[in-house]
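Architecture and fold: a report
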Amino acid sequence: QYSPDSVAGADGQIDPTEITFPGCPCRSSSCLAPQCPCLRHGHNYSGLCLRLDEQQQEQPFSRPVFECNSLCSCGESCQNRLVQRGLRRRLQVFRTPRKGWGVRALEPIPRGSFVCEYAGEVLGFPEAQRRSQAQRPEEPNYIIAVREHLHDGRVMETFVDPTRVGNVGRFLNHSCEPNLFMVPVRVDSMVPKLALFAAADIAAGEELSYDYSGRAHNFPGASREHSKPLEEENSLRKPCYCGSRTCASFLPWDSSLFATP
């Protein structure tokens, strides 16, 4: 079932459409920092592109991205409303030689542009783990686990499964040298939209990909799977066919979803 936005999963634990953030009181057509509380952490976008230079500075933590929401006083033309507007790029799902379905751009996409959301059912950990363990080894696994490490030591987890309900993002393939990267973007609540942005200028006809482990936008070693030897638990891992020079041979995966008590 196609859905442009994430929906509550069958477990009913999390409703991504719930509005819990207060709106900003800004009366201008486009909000500005530092007056706008949605931008208190700094500018998010510049010319409808993510501020990559600021996001990619070598600092211990990335700045969170909060967009203006449905309760804000600013208008729909506010520059701090980007991901919530949804897909605007012309994309095509196509059959690849070895990787099954893939997605390519039908138009040039400038660096920093929002491409699409990875939408699906938002699940709690128990349901995400149950579904992962119920899959047969030959079946594709679409469940993504996003962990955000806060400065105070807490970890926020988001699990999205587009197997049954999702959008074009479910067809994106992994690459060890990707041209997209994922950023959790919050609009109405703490449940983030998993937004994919262009990491470089993308040409028309080029296949779109991102690193399933998130390492394209994080420091080396940020993924705990990064430090594991390739030989460990290889029977459960799927081979990688990205063809890049730095290919890790296997697709990233989250062993915690397959762990048994």
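What comes next concerns the included structure. (Residues numbered from 1 in each chain as written. Predicted model: local features only at pLDDT ≥ 70, side-chain atom pairs only at ≥ 80, totals over all residues. Heavy atoms only, no water.)

Quick look at the packing of aromatic side chains
- Enumeration over the complete set of coordinates arrives at six aromatic pairs.
- Ring-pair connections join several aromatic residues into one group, and the members of that group are Phe114, Phe181 and Phe197.
- Directly above the ring of Tyr142 sits Arg170, whose terminal nitrogen or CZ lies 4.2 Å from the centroid.
- Between the NZ or CZ atom of Arg170 and the centre of the ring of Phe171, over which it lies, the distance is 5.0 Å. (Phe/Tyr/Trp six-rings, centres within 6.5 Å; stacked < 30°, edge-to-face > 60°. Lys NZ or Arg CZ within 6 Å of the ring centre and 35° of its normal.)

Structural notes on the pattern of salt bridges
- A full pass over the atoms with the stated rule returns 14 salt bridges.
- Across the salt bridge formed by Arg131 and Glu127, the nearest N and O atoms sit 2.8 Å from each other. Here the residue Arg131 and the residue Glu127 both occupy positions in helix α2 (residues 125–134), the gap between them amounting to four residues, near one helical turn.
- Residue classification places Arg131 among the buried positions, given a relative accessible area of 6%. (Salt bridge = Lys/Arg side-chain N within 4 Å of Asp/Glu carboxyl O. Helix = DSSP H or I, 4+ residues; strand = E, 2+ residues; numbered from the N terminus. Buried < 20%, exposed > 50% of the residue type's maximum accessible area, 1.4 Å probe, protein only.)

Considerations on the nonpolar core
- In terms of nonpolar packing, the biggest core is built from 22 residues, with Tyr118 and Leu208 touching the most fellow members.
- Looking at this core, the elements that each hand over two or more residues are β6 (101–105), β7 (114–117), β9 (144–149), β12 (180–186), β13 (193–198) and β14 (207–210).
- Once residues lying within four places of it in the same chain are set aside, the contact partners of Leu208 are Leu91, Val103, Arg104, Ala105, Val115, Leu172, Asn173, Asn179, Leu180 and Ile202.
- By size, the runner-up hydrophobic cluster in this structure holds twelve residues, among which are Leu50, Leu52, Phe181 and Phe197. (Core = buried A, V, L, I, M, F, W, Y, C linked by side-chain atoms within 4.5 Å. Contact = heavy atoms within 4.5 Å.)

Structural notes on the environment of Arg237
- Topologically, Arg237 is positioned in the segment after β14.
- On the basis of relative accessible area, Arg237 is assigned to the buried category, the value being 12%.
- Counting along the chain gives 18 residues from Arg237 to Ser255, while the straight-line C-alpha distance between them is 9.7 Å.

Re the pairing of β12
- With seven of seven residues buried, β12 lies mostly within the body of the structure.
- The alternating pattern of β12 places Leu180, Met182, Pro184 and Arg186 on one face and Phe181, Val183 and Val185 on the opposite face, and all of these are buried.
- Both β12 and β13 contribute to a ladder of six bridges, which runs antiparallel. By the bridge assignment, Leu180 is partnered in β13 with Ala198.
- Between β12 and β13, which pair antiparallel and follow one another directly, the connecting turn spans six residues. (Pairing = 2+ DSSP bridges.)

Brief notes about the environment of Pro140
- Along the polypeptide, Pro140 turns up in the loop between α2 and β9.
- Along the sequence, Pro140 and Lys238 sit 98 residues apart, while their C-alpha atoms lie 9.3 Å from each other.
- Non-local contacts of Pro140, meaning those with residues more than four positions away in its chain, are made with Gln135 and Lys238.

Details of the state of the cysteines
- One pass over the structure, following the stated rule, counts zero disulfides.
- The closest cysteine sulfur to the non-disulfide-bonded Cys31 is located on Cys74, 3.6 Å from its own sulfur. (Disulfide = S-S within 2.5 Å.)

Concerning the sheet that holds strand β10 (residues 155–161)
- The strand order β1-β8-β10-β9 describes an open sheet built from four strands, whose pairing is mixed. Either end of the sheet is taken by a strand with one partner, and the two such strands are β1 (7–8) and β9.
- Taken together, the six bridges between β9 and β10 define a ladder with antiparallel strand orientation. Of the residues in β10, the one forming a bridge with Ile144 is Val160.
- On the sheet, α2 packs against β8 (121–123) and β10 and is oriented at approximately 110 degrees with respect to β8. (Axes fitted to C-alpha atoms, helices over the stretch in contact; angles between N-to-C directions.)

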